[in-house]
Amino acid sequence: MRLSLNHKPYRLPFRQPMRTAHGVWAEREGMVVRVEDEHGRVGFGEIAPIPGWGGGTLAEATEALARLGRQPSWDEVSTMASQGGVLGFALGSALEASTEDVASEREYLAVAALLPAGRSALAGVETKLELGFRTFKWKVGVDDERAEQGLLDEIMERLPEGARLRLDANGGWDRRQAERWLGFCADRPMIEFVEQPTDPGNVDLLLGLVEDYPTTLALDESVVGRADFERWQGMGWPGVFVIKPALWGDPQDVLDVVGPVAPQVVISSALETACGARRVLELAFAMPGLERALGTGVWPLFAPSRLNGPTALPFLRKTEVEAINAEEIWEALET
Ligand code: MG
């Protein structure tokens, strides 16, 4: 079967620039893909790479799309989707015709609240608590270690019993820093996990740390796609996997491979528009074993409101996901 394949690139400034390990990130570049088959069934997908992460670049995806041309066969598109990465996610999403319903037994999923860096976290935690959030995430390794640990205790003093706090070091600690931090976390059970404490590629160090300290560790930068995931799983990683489906590849592949270990998984956003968000969130709803709060409390990210995924609230309702209309997003983007 021949398909009609179209795409629209976009460049969207963030409402607030992102501070990342690679510097300041001010605007998101990506692409929305539209696939229509001979029966008029239409599907959409989004290419949303994060600079400095894996899963391929926008330039590579653009080139691959040019190779596919405007009228590729189903098999050609499906083969490329199976190769994973940001393009695999977009094409795998688009091959599934868009529907209104999200197939899930669950009506809502919990979402983690992102706290701002530095002392503003204290005010942030009050606001988020009032909204009803019970899982929080805070970036560490940004400022002086002692100051951060002091602030962390101040944050935790404000949290009620049963609340959970995630720390994300984005791979920024060396061995000694990680050891000091994990020592500090050891008698603070409110900490749900420490995400990517050290260099994503240093397997021995991460395996050593996860064995030596009681706090759960989570891999994020270490597990961008299927090959990474299978490698860590093969080594018996006992901690959490933070999965960004938009970087991984075909959503069905995420479901097949990650679904069986869903209790160990956090489904996370790659700062995509509502188009990609729809598939990421559908995927989360399709995993019955998912227990940990979603890492998708990132929207609104962009000024045009219809391009944002669901606004960050403590619970994401299935109906909010169903309300996302990829066709409208496609129409809203300029050619
Ligand atoms: Mg992370």
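Analysis parameters
Residues numbered from 1 in each chain as written. Predicted model: local features only at pLDDT ≥ 70, side-chain atom pairs only at ≥ 80, totals over all residues. Heavy atoms only, no water. Helix = DSSP H or I, 4+ residues; strand = E, 2+ residues; numbered from the N terminus. Rg over C-alpha atoms; globule rule 2.2 N^0.38 Å. Buried < 20%, exposed > 50% of the residue type's maximum accessible area, 1.4 Å probe, protein only. Contact = heavy atoms within 4.5 Å. Areas by Shrake-Rupley, 256 points an atom, 1.4 Å probe, with all protein chains shown as cover. Lys, Arg positive; Asp, Glu negative; His and termini not counted. Charge placed at Lys NZ, Arg CZ, Asp CG, Glu CD. Donors = N, O, S within 2.8 Å, 3.2 Å for Na, K, Ca; no water. Core = buried A, V, L, I, M, F, W, Y, C linked by side-chain atoms within 4.5 Å. Salt bridge = Lys/Arg side-chain N within 4 Å of Asp/Glu carboxyl O. Pairing = 2+ DSSP bridges. Right-handed = clockwise from strand over helix to strand, strands pointing away.

Enquirer: Quick question: what am I supposed to make of the overall build of the protein here?
Expert: When its secondary structure is counted, the protein shows 13 helices and 12 strands. For 335 residues, the compact-globule estimate of 2.2 N^0.38 gives 20 Å, and the C-alpha radius of gyration of the protein, at 20 Å, lies within 12% of that figure. By the burial criterion, 53% of the 335 residues in the protein qualify as buried. Across the protein, the fraction of contacts at a sequence separation of at least 24, relative to all contacts at a separation of at least 6, is 69%. Approximately 14,900 Å² of the protein is accessible, and the part contributed by carbon and sulfur atoms is 47%. In the protein, which carries 33 positive and 51 negative side-chain charges, the distance between the mean positions of the two groups comes to 3 Å.

Enquirer: Sorry if this is basic, but what is going on with the coordination of the magnesium ion here?
Expert: For a metal with four donors in a tetrahedral arrangement, the ideal angle between donors is 109.5 degrees, while six donors in an octahedron ideally sit at 90 or 180 degrees. Here the magnesium ion is held by Asp168 (OD), Glu195 (OE) and Asp220 (OD), and the distances to it run 2.0 to 2.3 Å. The sequence pattern formed by the donor residues of the magnesium ion is D-x26-E-x24-D. Of this pair, Asp168 sits in strand S7 (residues 164-168) while Asp220 sits in the loop between strand S9 (217-219) and helix H8 (226-234), placing them 52 residues apart in sequence. Accessibility expressed as a relative area gives 3% for Asp220, which makes it buried.

Enquirer: What am I meant to see in the environment of Ile50 here?
Expert: Here Ile50 shows up in the loop between strand S3 (42-47) and helix H1 (58-68). The class for Ile50 is buried, based on a relative accessible area of 10%. Between the C-alpha atom of Ile50 and that of Arg180, which follows or precedes it by 130 residues, the distance is 30 Å. Here Ile50 is in contact with Trp25, Arg28, Lys244, Leu247 and Ala270, once residues within four sequence places are set aside.

Enquirer: Is there a simple way to think about the environment of Pro9 in this case?
Expert: Inspection of the secondary structure puts Pro9 in strand S1 (residues 4-20). Through-space distance from the C-alpha of Pro9 to that of Leu333 is 8.2 Å; in sequence the pair is 324 residues apart. Once residues within four sequence positions are removed from consideration, Pro9 is found in contact with Gly30, Met31 and Glu334.

Enquirer: Where do I start with the nonpolar core in this structure?
Expert: Inside soluble globular proteins, nonpolar side chains tend to come together where they are buried. Judged by nonpolar contacts, the single largest core of 110 residues is most densely connected at Ile47, Leu91, Phe136, Trp138, Leu165, Leu167 and Ile243. If you tally residues by element for this core, the top one is helix H11 (residues 274-285), at eight residues. Sequence-distant contacts of Leu167, defined by excluding residues within four places in its chain, comprise Trp138, Val140, Leu152, Trp181, Cys185, Ile191, Phe193, Val194 and Glu195. In this structure, Phe193, Ala218, Val240 and Val266 belong to the second largest nonpolar core, which totals five residues.

Enquirer: Help me understand unusual backbone geometry in this model?
Expert: Glycine aside, residues mostly have negative phi, and peptide bonds are mostly found in the trans state. The omega torsion of the bond from Trp299 to Pro300 falls at 5 degrees, within 30 degrees of zero and hence cis. Among the structural elements, Pro300 can be located in the loop between H11 and strand S12 (315-317). Even without being a glycine, Gln196 presents a positive backbone phi close to 40 degrees. With respect to the helices, strands and loops of the structure, Gln196 is situated in the loop between strand S8 (191-195) and helix H7 (203-212). Gln196 sits in the buried class, given a relative accessible area of 0%. Non-glycine residue Leu271 carries a positive phi angle of around 60 degrees.

Enquirer: Please explain the pattern of salt bridges as it appears in this structure.
Expert: Oppositely charged side chains may form a pair once their charged atoms are brought near each other. On inspection of all chains with the given rule, the structure shows 22 salt bridges. Between Arg292 and Glu192 there is a salt bridge, and its shortest N-O distance comes to 2.9 Å. Here Arg292, found in the loop between H11 and S12, pairs with Glu192, found in strand S8; they are 100 residues apart in sequence, far enough to count as distant. According to the relative accessible area criterion, Glu192 is buried, its value standing at 7%. Here Glu282 makes a salt bridge to Arg278, at a shortest N to O gap of 2.7 Å.

Enquirer: What's the story with the pairing of strand S10 (residues 240-243) in this structure? I'm lost.
Expert: Look at any regular strand and the pattern is simple: side chains alternate between the two faces of the sheet. Both faces of S10 are covered, namely the face carrying Val240 and Val242 and the face carrying Phe241 and Ile243. Bridge count between S9 and S10: two bridges; the pairing is parallel. The residue bridging Leu219 from the neighbouring strand is Phe241, located in S10. Following the backbone out of S9, through H8 and into the adjacent parallel S10, one traces a crossover that is right-handed.

Enquirer: What is the right way to look at the environment of Val240 in this model?
Expert: Among the secondary structure elements, Val240 is positioned in strand S10. A C-alpha to C-alpha distance of 22 Å links Val240 and Phe89, two positions 151 residues apart in sequence. Those residues in contact with Val240, other than ones at most four positions away along the chain, are Phe193, Thr216, Leu217, Ala218, Leu219, Gln264, Val266 and Arg292.

Enquirer: Please explain the pairing of S7 as it appears in this structure.
Expert: Most of S7 sits inside the fold, with four of its five residues counted as buried. Bridge count between strand S6 (residues 135-139) and S7: five bridges; the pairing is parallel. Bridge pairing links Thr135 to Arg164 in S7. The handedness of the S6 to S7 crossover, carried by helix H5 (residues 145-157), is right-handed. Note: S7 against S8, four bridges, orientation parallel. Looking at the pairing, Leu167 lines up with Val194 of S8.

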